[in-house]
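Listed below, chain by chain, are the residues.
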Amino acid sequence: MHLLLQVGLACSLITACLARIPDCSLVDCRPPDCLDQYTPYGQCCPICKPKQPCTYKDRVYKEGQRFKDECNTCSCTNGAVVCTEMACLGKDGSCPVLKGKGDVADMCVRKCSSDYDCPGVKKCCSKACDNLCLTPTRNPKTCTSNGIIYKEGESVPPSHRCLTDCVCQAGQVNCLPVPCAPDVPNIK
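Residues numbered from 1 in each chain as written. Predicted model: local features only at pLDDT ≥ 70, side-chain atom pairs only at ≥ 80, totals over all residues. Heavy atoms only, no water.

A few points about the overall build of the chain
Let me state the cut-off plainly: Secondary structure is summarised from DSSP: a helix means a run of H or I of at least four residues, a strand means a run of E of at least two, and numbering begins at the N terminus for each. Partly exposed residues are those whose accessible area sits between 20% and 50% of the maximum for their type, while under 20% is buried and over 50% is exposed, using a 1.4 Å probe and protein chains only. Whether two residues touch is decided by their heavy atoms; if any such pair falls within 4.5 Å, the residues are in contact. Only the protein chains shown count as cover for residues, and the accessible areas themselves come from Shrake-Rupley with a 1.4 Å probe.
Across its full length, the chain holds one helix and 14 strands. Taken across its 188 residues, the chain has 20% of its residues classed as buried. Sequence-distant contacts in the chain: of pairs separated by 6 or more residues, those separated by 24 or more amount to 27%. Working note: accessible area of the chain is about 14,300 Å², and carbon and sulfur atoms make up 57% of it.

Structural data, given as structure tokens:
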């Protein structure tokens, strides 16, 4: 019986070697460290599929790469782009009026497609055949209350029970006081 097993094993290996097809029943495979895997032709063990790049708005991103699309954050995962879906508001301020000769209005170079392509407070302004990042002529003040940013003239929720009608004015939250009893601790 032992001789028969050796002859059978030798025949199996010779047949596999001649056909260049491995005998996978003799191979102990380690599972690859990935979810997306396949077994290539002529091999016994599965391997990870190669990482696929993503194409988004005519740009190519590597697997795992994170990038911005206006105010949203996107990432390339398994060849597909996934982005947050926040409504993006333009930046505050108005684009400046350009005069012409010697000004950026003479150039025709596309530098941005939205305000979020521009650094800091600069806005993406359309000028003739250009879209340029320019500093706005007017940048209204904002107020912050409880971590939320409010624009000039916007109503702000009162931060205390003795305040009402709060509004963002000149970079500060202004409220009207209302009569109320002082806080008294509960004594038992």
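Moving on from the model shown.
Here's the deal with the state of the cysteines
Quick note on the threshold: Only a pair of cysteine sulfur atoms within 2.5 Å counts as a disulfide in this structure description.
Applying the stated criterion across every chain, the model contains nine disulfides. One disulfide in the model links Cys34 with Cys48; its S-S distance is 2.1 Å. The sign of the -110° torsion about the S-S bond sets the Cys34-Cys48 disulfide as left-handed. You can see Cys34 sitting in the loop between helix H1 (2–19) and strand S1 (37–38) and its partner Cys48 sitting in strand S2 (residues 47–48), a full 14 residues away along the chain. Judged by its relative accessible area of 32%, Cys48 falls in the partly exposed class.

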